[in-house]
Amino acid sequence: MFANIIQQAVALLGVLVIAKLLPPEEFGLVRIAMAYVAVATIIAAGGLTAPVLRYCADPRFNSAERRRILGTGLRRLALVAAISTLVVLTLIFFSGREDKETLVLSAYAMQIPALAAGSLLIVYLQAVQRFRYLAYSQVCIRVLSFVLTASATWLYGLNGLLISALVAAIAATLPPLMAARPLFQEVPLPKDFSILAKYSVVGMLITTVGQYADILLLDWIGTDRRLVAIYSLATVFYFALSALAGAVQSVATPMFTNLTNDPAAFRSRLRRWTKGLIAVALPASACVVALAWGLEHWFLSTSYAGLSHMVAILMLRFLLWCTYAVGGAALLGMGAIKQGTWIAASTTSLTLVLGYPLCFWWGVWGAAWTQVVVALVSALLIRLIIRRQLAQLDKRHAAETTS
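One structure accompanies this document, and this report is about it. Model, not experiment: these values are computed from the prediction. (Residues numbered from 1 in each chain as written. Predicted model: local features only at pLDDT ≥ 70, side-chain atom pairs only at ≥ 80, totals over all residues. Heavy atoms only, no water.)

1. Regarding unusual backbone geometry
Logical step 1: Positive phi is not limited to glycine here, since Q129 has a value of about 65 degrees.
Logical step 2: Along the chain, Q129 falls in the loop between α6 (112-127) and α7 (131-171). (Helix = DSSP H or I, 4+ residues; strand = E, 2+ residues; numbered from the N terminus.)

Spelled out as C-alpha coordinates, the structure:
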(Lines give C-alpha, C1' and ligand atoms only; values in the text may rest on other atoms or scores of the structure.)
Protein backbone atom coordinates (compact mmCIF):
# COMPACT_ATOMS: atom_id res chain seq x y z
CA MET A 1 0.00 0.00 0.00
CA PHE A 2 2.83 2.39 0.90
CA ALA A 3 4.63 1.61 -2.35
CA ASN A 4 1.41 2.12 -4.31
CA ILE A 5 0.90 5.57 -2.77
CA ILE A 6 4.45 6.61 -3.65
CA GLN A 7 4.11 5.30 -7.21
CA GLN A 8 0.86 7.16 -7.77
CA ALA A 9 2.34 10.36 -6.35
CA VAL A 10 5.43 10.12 -8.56
CA ALA A 11 3.31 9.26 -11.60
CA LEU A 12 1.06 12.27 -11.01
CA LEU A 13 4.09 14.51 -10.52
CA GLY A 14 5.63 13.17 -13.74
CA VAL A 15 2.50 13.88 -15.77
CA LEU A 16 2.25 17.41 -14.35
CA VAL A 17 5.88 18.15 -15.16
CA ILE A 18 5.51 16.84 -18.72
CA ALA A 19 2.34 18.90 -19.14
CA LYS A 20 4.25 21.97 -17.97
CA LEU A 21 7.23 21.37 -20.28
CA LEU A 22 5.36 20.46 -23.47
CA PRO A 23 2.94 22.60 -25.46
CA PRO A 24 -0.64 21.46 -24.73
CA GLU A 25 -1.10 20.19 -28.30
CA GLU A 26 1.91 17.87 -27.97
CA PHE A 27 0.89 16.75 -24.49
CA GLY A 28 -2.58 15.85 -25.78
CA LEU A 29 -1.03 13.85 -28.61
CA VAL A 30 1.20 11.98 -26.16
CA ARG A 31 -1.78 11.02 -24.00
CA ILE A 32 -3.64 9.77 -27.08
CA ALA A 33 -0.64 7.62 -28.02
CA MET A 34 -0.50 6.20 -24.50
CA ALA A 35 -4.18 5.22 -24.70
CA TYR A 36 -3.63 3.29 -27.92
CA VAL A 37 -0.52 1.60 -26.51
CA ALA A 38 -2.41 0.55 -23.37
CA VAL A 39 -4.94 -1.32 -25.52
CA ALA A 40 -2.27 -2.80 -27.80
CA THR A 41 -0.23 -4.00 -24.81
CA ILE A 42 -3.15 -6.12 -23.60
CA ILE A 43 -3.24 -7.83 -26.99
CA ALA A 44 0.54 -8.22 -27.03
CA ALA A 45 0.51 -9.88 -23.60
CA GLY A 46 -1.83 -12.50 -25.05
CA GLY A 47 -3.72 -12.97 -21.78
CA LEU A 48 -0.72 -14.86 -20.39
CA THR A 49 -0.73 -12.94 -17.11
CA ALA A 50 -3.79 -14.84 -15.84
CA PRO A 51 -2.48 -18.43 -16.31
CA VAL A 52 1.01 -17.47 -15.12
CA LEU A 53 -0.49 -15.93 -11.97
CA ARG A 54 -2.75 -18.94 -11.49
CA TYR A 55 -0.20 -21.73 -11.89
CA CYS A 56 2.98 -20.08 -10.64
CA ALA A 57 1.15 -19.48 -7.34
CA ASP A 58 0.11 -23.14 -7.19
CA PRO A 59 2.09 -24.99 -4.47
CA ARG A 60 2.01 -28.16 -6.57
CA PHE A 61 4.76 -26.68 -8.76
CA ASN A 62 8.28 -26.28 -7.44
CA SER A 63 10.53 -23.29 -8.11
CA ALA A 64 12.16 -24.72 -11.24
CA GLU A 65 8.80 -25.67 -12.75
CA ARG A 66 7.42 -22.20 -12.11
CA ARG A 67 10.42 -20.61 -13.79
CA ARG A 68 9.92 -22.90 -16.79
CA ILE A 69 6.26 -21.89 -16.99
CA LEU A 70 7.38 -18.25 -16.96
CA GLY A 71 9.99 -18.96 -19.65
CA THR A 72 7.35 -20.62 -21.83
CA GLY A 73 5.05 -17.65 -21.30
CA LEU A 74 7.80 -15.20 -22.26
CA ARG A 75 8.54 -17.13 -25.46
CA ARG A 76 4.90 -17.02 -26.47
CA LEU A 77 4.66 -13.37 -25.49
CA ALA A 78 7.71 -12.47 -27.60
CA LEU A 79 6.02 -13.85 -30.71
CA VAL A 80 2.62 -12.26 -30.06
CA ALA A 81 4.18 -8.93 -29.06
CA ALA A 82 6.38 -8.82 -32.16
CA ILE A 83 3.41 -9.47 -34.45
CA SER A 84 1.24 -6.95 -32.56
CA THR A 85 3.89 -4.24 -32.79
CA LEU A 86 4.37 -4.78 -36.52
CA VAL A 87 0.61 -4.64 -37.11
CA VAL A 88 0.31 -1.43 -35.06
CA LEU A 89 3.21 0.23 -36.88
CA THR A 90 1.69 -0.75 -40.24
CA LEU A 91 -1.68 0.71 -39.26
CA ILE A 92 0.01 3.94 -38.14
CA PHE A 93 1.97 4.17 -41.39
CA PHE A 94 -1.17 3.81 -43.54
CA SER A 95 -3.43 5.92 -41.29
CA GLY A 96 -2.73 9.13 -43.20
CA ARG A 97 -1.88 11.12 -40.06
CA GLU A 98 0.40 14.14 -39.97
CA ASP A 99 4.14 13.58 -39.59
CA LYS A 100 4.28 14.58 -35.92
CA GLU A 101 1.35 12.32 -35.02
CA THR A 102 2.93 9.42 -36.90
CA LEU A 103 6.22 9.99 -35.07
CA VAL A 104 4.65 10.06 -31.61
CA LEU A 105 2.38 7.05 -32.19
CA SER A 106 5.25 5.02 -33.70
CA ALA A 107 7.64 5.88 -30.86
CA TYR A 108 5.14 4.76 -28.24
CA ALA A 109 4.26 1.64 -30.25
CA MET A 110 7.89 0.55 -29.94
CA GLN A 111 7.31 0.24 -26.18
CA ILE A 112 4.68 -2.49 -26.59
CA PRO A 113 6.98 -5.57 -26.27
CA ALA A 114 8.73 -4.16 -23.19
CA LEU A 115 5.46 -3.17 -21.53
CA ALA A 116 3.91 -6.57 -22.20
CA ALA A 117 6.97 -8.44 -20.91
CA GLY A 118 7.14 -6.23 -17.84
CA SER A 119 3.51 -6.94 -16.96
CA LEU A 120 4.11 -10.70 -17.18
CA LEU A 121 7.26 -10.55 -15.05
CA ILE A 122 5.54 -8.50 -12.37
CA VAL A 123 2.62 -10.93 -12.25
CA TYR A 124 5.08 -13.82 -11.83
CA LEU A 125 6.78 -12.09 -8.90
CA GLN A 126 3.37 -11.52 -7.35
CA ALA A 127 2.56 -15.21 -7.79
CA VAL A 128 5.75 -16.29 -5.98
CA GLN A 129 5.06 -13.64 -3.30
CA ARG A 130 8.09 -11.41 -3.85
CA PHE A 131 6.07 -8.48 -2.56
CA ARG A 132 8.86 -6.67 -0.70
CA TYR A 133 11.10 -6.78 -3.77
CA LEU A 134 8.26 -5.55 -5.97
CA ALA A 135 7.49 -2.67 -3.63
CA TYR A 136 11.06 -1.37 -3.49
CA SER A 137 11.95 -2.05 -7.11
CA GLN A 138 8.81 -0.53 -8.60
CA VAL A 139 9.21 2.65 -6.54
CA CYS A 140 12.85 2.96 -7.64
CA ILE A 141 11.92 2.30 -11.28
CA ARG A 142 9.14 4.90 -11.15
CA VAL A 143 11.41 7.54 -9.61
CA LEU A 144 14.27 6.91 -12.05
CA SER A 145 11.85 6.96 -14.99
CA PHE A 146 10.49 10.29 -13.79
CA VAL A 147 13.98 11.79 -13.52
CA LEU A 148 14.96 10.46 -16.96
CA THR A 149 11.84 11.55 -18.85
CA ALA A 150 11.54 14.92 -17.10
CA SER A 151 15.21 15.76 -17.74
CA ALA A 152 15.10 14.66 -21.37
CA THR A 153 11.87 16.60 -22.00
CA TRP A 154 13.31 19.73 -20.37
CA LEU A 155 16.45 19.51 -22.50
CA TYR A 156 15.12 18.27 -25.85
CA GLY A 157 11.34 18.69 -25.79
CA LEU A 158 9.07 16.15 -27.43
CA ASN A 159 11.90 14.18 -29.05
CA GLY A 160 13.61 13.85 -25.67
CA LEU A 161 10.40 12.51 -24.14
CA LEU A 162 9.89 9.91 -26.89
CA ILE A 163 13.42 8.53 -26.64
CA SER A 164 13.59 8.59 -22.83
CA ALA A 165 10.17 6.94 -22.46
CA LEU A 166 11.29 4.07 -24.72
CA VAL A 167 14.55 3.67 -22.80
CA ALA A 168 12.68 3.74 -19.49
CA ALA A 169 10.19 1.10 -20.65
CA ILE A 170 13.00 -1.27 -21.70
CA ALA A 171 15.07 -0.61 -18.57
CA ALA A 172 12.05 -1.25 -16.34
CA THR A 173 11.94 -4.89 -17.47
CA LEU A 174 15.50 -5.64 -16.31
CA PRO A 175 15.03 -5.71 -12.49
CA PRO A 176 12.02 -8.08 -12.55
CA LEU A 177 13.73 -10.21 -15.22
CA MET A 178 16.81 -10.66 -13.04
CA ALA A 179 14.65 -11.40 -10.00
CA ALA A 180 12.41 -13.91 -11.80
CA ARG A 181 15.25 -15.81 -13.55
CA PRO A 182 13.02 -17.59 -16.10
CA LEU A 183 14.07 -20.95 -17.52
CA PHE A 184 13.48 -21.32 -21.25
CA GLN A 185 13.25 -25.11 -21.20
CA GLU A 186 10.17 -26.91 -22.45
CA VAL A 187 7.67 -27.87 -19.75
CA PRO A 188 4.24 -29.50 -20.09
CA LEU A 189 1.67 -26.80 -19.44
CA PRO A 190 -1.64 -27.40 -17.63
CA LYS A 191 -4.46 -28.34 -19.99
CA ASP A 192 -6.43 -25.15 -19.51
CA PHE A 193 -3.41 -22.82 -19.70
CA SER A 194 -4.22 -21.58 -23.21
CA ILE A 195 -7.97 -21.47 -22.58
CA LEU A 196 -7.46 -19.33 -19.49
CA ALA A 197 -5.20 -17.02 -21.50
CA LYS A 198 -7.87 -16.60 -24.20
CA TYR A 199 -10.59 -15.72 -21.69
CA SER A 200 -8.20 -13.39 -19.91
CA VAL A 201 -7.20 -11.41 -23.00
CA VAL A 202 -10.86 -10.91 -23.96
CA GLY A 203 -11.84 -9.73 -20.48
CA MET A 204 -8.83 -7.45 -20.06
CA LEU A 205 -9.25 -6.03 -23.56
CA ILE A 206 -12.88 -5.14 -22.89
CA THR A 207 -11.94 -3.49 -19.60
CA THR A 208 -9.02 -1.54 -21.08
CA VAL A 209 -10.99 -0.32 -24.08
CA GLY A 210 -13.69 0.87 -21.70
CA GLN A 211 -11.07 2.60 -19.57
CA TYR A 212 -9.58 4.53 -22.49
CA ALA A 213 -12.65 4.80 -24.71
CA ASP A 214 -13.07 8.50 -23.94
CA ILE A 215 -9.57 9.42 -25.18
CA LEU A 216 -9.95 7.17 -28.23
CA LEU A 217 -13.30 8.74 -29.14
CA LEU A 218 -11.89 12.24 -28.85
CA ASP A 219 -9.10 11.25 -31.24
CA TRP A 220 -11.49 9.62 -33.71
CA ILE A 221 -13.68 12.73 -34.03
CA GLY A 222 -10.63 15.00 -34.35
CA THR A 223 -11.00 17.02 -31.14
CA ASP A 224 -8.60 19.94 -30.66
CA ARG A 225 -5.42 18.49 -29.12
CA ARG A 226 -5.26 21.35 -26.59
CA LEU A 227 -8.68 20.37 -25.25
CA VAL A 228 -7.64 16.73 -25.23
CA ALA A 229 -4.65 17.77 -23.11
CA ILE A 230 -6.94 19.37 -20.52
CA TYR A 231 -9.27 16.37 -20.42
CA SER A 232 -6.51 13.77 -20.31
CA LEU A 233 -4.78 15.63 -17.48
CA ALA A 234 -8.07 15.65 -15.56
CA THR A 235 -8.36 11.87 -15.99
CA VAL A 236 -4.93 11.47 -14.39
CA PHE A 237 -6.35 12.90 -11.14
CA TYR A 238 -9.25 10.47 -11.36
CA PHE A 239 -7.06 7.40 -11.95
CA ALA A 240 -4.63 8.40 -9.22
CA LEU A 241 -7.43 8.58 -6.67
CA SER A 242 -9.07 5.41 -8.01
CA ALA A 243 -5.82 3.46 -7.74
CA LEU A 244 -5.54 4.28 -4.06
CA ALA A 245 -9.17 3.37 -3.42
CA GLY A 246 -8.61 0.19 -5.44
CA ALA A 247 -6.41 -1.04 -2.60
CA VAL A 248 -9.66 -1.49 -0.66
CA GLN A 249 -10.86 -3.89 -3.34
CA SER A 250 -7.71 -6.01 -3.11
CA VAL A 251 -8.26 -6.43 0.63
CA ALA A 252 -12.02 -6.90 0.36
CA THR A 253 -12.04 -9.65 -2.28
CA PRO A 254 -10.57 -12.47 -0.14
CA MET A 255 -12.60 -11.26 2.84
CA PHE A 256 -15.87 -11.70 0.95
CA THR A 257 -14.72 -15.11 -0.28
CA ASN A 258 -14.46 -16.21 3.36
CA LEU A 259 -17.96 -14.89 4.11
CA THR A 260 -19.83 -16.73 1.35
CA ASN A 261 -21.15 -19.23 3.92
CA ASP A 262 -22.57 -16.45 6.09
CA PRO A 263 -24.93 -14.28 3.99
CA ALA A 264 -25.89 -12.05 6.93
CA ALA A 265 -22.28 -11.18 7.73
CA PHE A 266 -21.64 -10.76 3.98
CA ARG A 267 -24.39 -8.13 3.72
CA SER A 268 -23.30 -6.36 6.88
CA ARG A 269 -19.67 -6.16 5.79
CA LEU A 270 -20.67 -5.01 2.29
CA ARG A 271 -22.76 -2.14 3.66
CA ARG A 272 -20.17 -1.10 6.23
CA TRP A 273 -17.24 -1.11 3.81
CA THR A 274 -19.20 0.74 1.12
CA LYS A 275 -20.24 3.46 3.58
CA GLY A 276 -16.68 3.75 4.84
CA LEU A 277 -15.27 4.11 1.32
CA ILE A 278 -17.83 6.80 0.46
CA ALA A 279 -17.04 8.65 3.71
CA VAL A 280 -13.37 8.75 2.73
CA ALA A 281 -14.09 9.53 -0.93
CA LEU A 282 -16.06 12.73 -0.25
CA PRO A 283 -13.27 14.76 1.40
CA ALA A 284 -10.65 13.17 -0.88
CA SER A 285 -12.58 14.34 -3.95
CA ALA A 286 -12.87 17.85 -2.57
CA CYS A 287 -9.11 17.94 -1.91
CA VAL A 288 -8.34 16.75 -5.45
CA VAL A 289 -10.54 19.44 -6.98
CA ALA A 290 -8.83 22.07 -4.81
CA LEU A 291 -5.42 20.73 -5.88
CA ALA A 292 -6.43 20.88 -9.54
CA TRP A 293 -7.64 24.47 -9.07
CA GLY A 294 -4.32 25.48 -7.49
CA LEU A 295 -2.27 23.82 -10.22
CA GLU A 296 -4.44 25.39 -12.92
CA HIS A 297 -3.91 28.91 -11.58
CA TRP A 298 -0.38 28.77 -10.14
CA PHE A 299 1.57 26.07 -11.98
CA LEU A 300 0.18 25.36 -15.44
CA SER A 301 -0.29 27.84 -18.25
CA THR A 302 -3.54 29.55 -19.21
CA SER A 303 -3.88 26.88 -21.90
CA TYR A 304 -5.16 24.56 -19.16
CA ALA A 305 -8.00 26.87 -18.12
CA GLY A 306 -11.03 24.83 -17.07
CA LEU A 307 -9.00 21.93 -15.66
CA SER A 308 -10.53 22.14 -12.19
CA HIS A 309 -14.07 22.12 -13.63
CA MET A 310 -13.23 19.00 -15.63
CA VAL A 311 -11.75 17.33 -12.54
CA ALA A 312 -14.90 18.19 -10.59
CA ILE A 313 -17.06 16.34 -13.14
CA LEU A 314 -14.77 13.32 -13.05
CA MET A 315 -14.93 13.34 -9.25
CA LEU A 316 -18.66 12.74 -9.63
CA ARG A 317 -17.68 9.62 -11.57
CA PHE A 318 -15.28 8.68 -8.78
CA LEU A 319 -17.95 9.06 -6.09
CA LEU A 320 -20.34 6.90 -8.10
CA TRP A 321 -17.56 4.33 -8.53
CA CYS A 322 -17.06 4.25 -4.77
CA THR A 323 -20.71 3.24 -4.33
CA TYR A 324 -20.10 -0.02 -6.19
CA ALA A 325 -16.33 -0.61 -5.92
CA VAL A 326 -16.72 -2.81 -2.84
CA GLY A 327 -19.66 -4.50 -4.55
CA GLY A 328 -17.42 -5.38 -7.48
CA ALA A 329 -14.93 -6.92 -5.06
CA ALA A 330 -17.79 -8.83 -3.45
CA LEU A 331 -18.84 -10.27 -6.80
CA LEU A 332 -15.29 -11.38 -7.47
CA GLY A 333 -15.13 -12.89 -4.00
CA MET A 334 -18.30 -14.86 -4.75
CA GLY A 335 -16.74 -16.14 -7.96
CA ALA A 336 -19.16 -14.25 -10.23
CA ILE A 337 -16.57 -13.90 -13.01
CA LYS A 338 -19.01 -14.24 -15.92
CA GLN A 339 -21.31 -11.60 -14.47
CA GLY A 340 -18.37 -9.23 -14.04
CA THR A 341 -17.32 -9.75 -17.66
CA TRP A 342 -20.89 -9.15 -18.81
CA ILE A 343 -21.01 -5.86 -16.88
CA ALA A 344 -17.66 -4.76 -18.36
CA ALA A 345 -18.83 -5.58 -21.89
CA SER A 346 -22.13 -3.75 -21.38
CA THR A 347 -20.59 -0.60 -19.94
CA THR A 348 -17.84 -0.51 -22.57
CA SER A 349 -20.44 -0.78 -25.32
CA LEU A 350 -22.49 1.97 -23.67
CA THR A 351 -19.39 4.19 -23.46
CA LEU A 352 -18.78 3.85 -27.18
CA VAL A 353 -22.43 4.14 -28.28
CA LEU A 354 -23.30 7.04 -25.99
CA GLY A 355 -19.87 8.65 -26.00
CA TYR A 356 -19.52 9.10 -29.73
CA PRO A 357 -22.48 11.48 -30.24
CA LEU A 358 -21.81 13.32 -26.96
CA CYS A 359 -18.14 13.81 -27.85
CA PHE A 360 -19.12 14.88 -31.35
CA TRP A 361 -21.59 17.50 -30.01
CA TRP A 362 -19.81 18.74 -26.89
CA GLY A 363 -16.22 17.57 -27.24
CA VAL A 364 -14.31 16.90 -24.02
CA TRP A 365 -17.29 17.93 -21.88
CA GLY A 366 -19.38 15.28 -23.60
CA ALA A 367 -16.65 12.72 -22.85
CA ALA A 368 -16.64 13.70 -19.16
CA TRP A 369 -20.40 13.45 -18.74
CA THR A 370 -20.41 10.14 -20.60
CA GLN A 371 -18.15 8.75 -17.88
CA VAL A 372 -20.59 9.93 -15.20
CA VAL A 373 -23.57 8.30 -16.93
CA VAL A 374 -21.68 5.02 -17.44
CA ALA A 375 -20.63 5.00 -13.78
CA LEU A 376 -24.27 5.41 -12.76
CA VAL A 377 -25.33 2.51 -15.01
CA SER A 378 -22.50 0.37 -13.62
CA ALA A 379 -23.66 1.07 -10.08
CA LEU A 380 -27.21 -0.02 -10.93
CA LEU A 381 -26.07 -3.19 -12.73
CA ILE A 382 -23.74 -4.29 -9.94
CA ARG A 383 -26.41 -3.63 -7.34
CA LEU A 384 -28.88 -5.77 -9.30
CA ILE A 385 -26.46 -8.67 -9.75
CA ILE A 386 -25.35 -8.57 -6.11
CA ARG A 387 -28.97 -8.93 -5.04
CA ARG A 388 -29.36 -12.00 -7.23
CA GLN A 389 -26.10 -13.53 -6.02
CA LEU A 390 -27.01 -12.92 -2.39
CA ALA A 391 -30.40 -14.56 -2.95
CA GLN A 392 -28.57 -17.63 -4.24
CA LEU A 393 -26.27 -17.55 -1.20
CA ASP A 394 -29.35 -17.43 1.06
CA LYS A 395 -30.85 -20.49 -0.64
CA ARG A 396 -27.62 -22.42 -0.44
CA HIS A 397 -27.08 -21.47 3.19
CA ALA A 398 -30.67 -22.47 4.08
CA ALA A 399 -30.23 -25.83 2.32
CA GLU A 400 -26.95 -26.51 4.14
CA THR A 401 -28.48 -25.53 7.49
CA THR A 402 -31.48 -27.79 6.93
CA SER A 403 -29.37 -30.76 5.92
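Resuming the write-up.
2. Remarks on the pattern of salt bridges
Side-chain pairs of opposite charge can arise whenever the charged atoms involved come near each other.
Logical step 1: Inspection of every chain in the model, using the stated rule, returns six salt bridges.
Logical step 2: Where E101 meets R97, a salt bridge forms, and the shortest distance between an N and an O atom there is 3.3 Å.
Logical step 3: Overall, E101 belongs to the buried group, its relative accessible area being 14%.
Logical step 4: Residues participating in the shared-partner salt-bridge network are R97, E101, D219 and R225. (Salt bridge = Lys/Arg side-chain N within 4 Å of Asp/Glu carboxyl O. Buried < 20%, exposed > 50% of the residue type's maximum accessible area, 1.4 Å probe, protein only.)

3. Digging into the side chain of T173
Logical step 1: The residue T173 is located in the loop between α7 and α8 (174-180) in this model.
Logical step 2: Within the structure, T173 has its side chain in polar contact with the backbone oxygen of I170 (distance 2.6 Å).
Logical step 3: Apart from the residues within four sequence positions on either side, T173 is in contact with A114, G118 and L121. (Polar contact = N/O pair within 3.5 Å; in protein donor to acceptor, adjacent residues only side chain to side chain. Contact = heavy atoms within 4.5 Å.)

4. Thoughts on the environment of Y212
Logical step 1: Following the sequence through the fold, Y212 ends up in helix α9 (residues 193-220).
Logical step 2: In this view, Y212 contacts A35 and A38; residues no more than four positions away in its chain are not counted.

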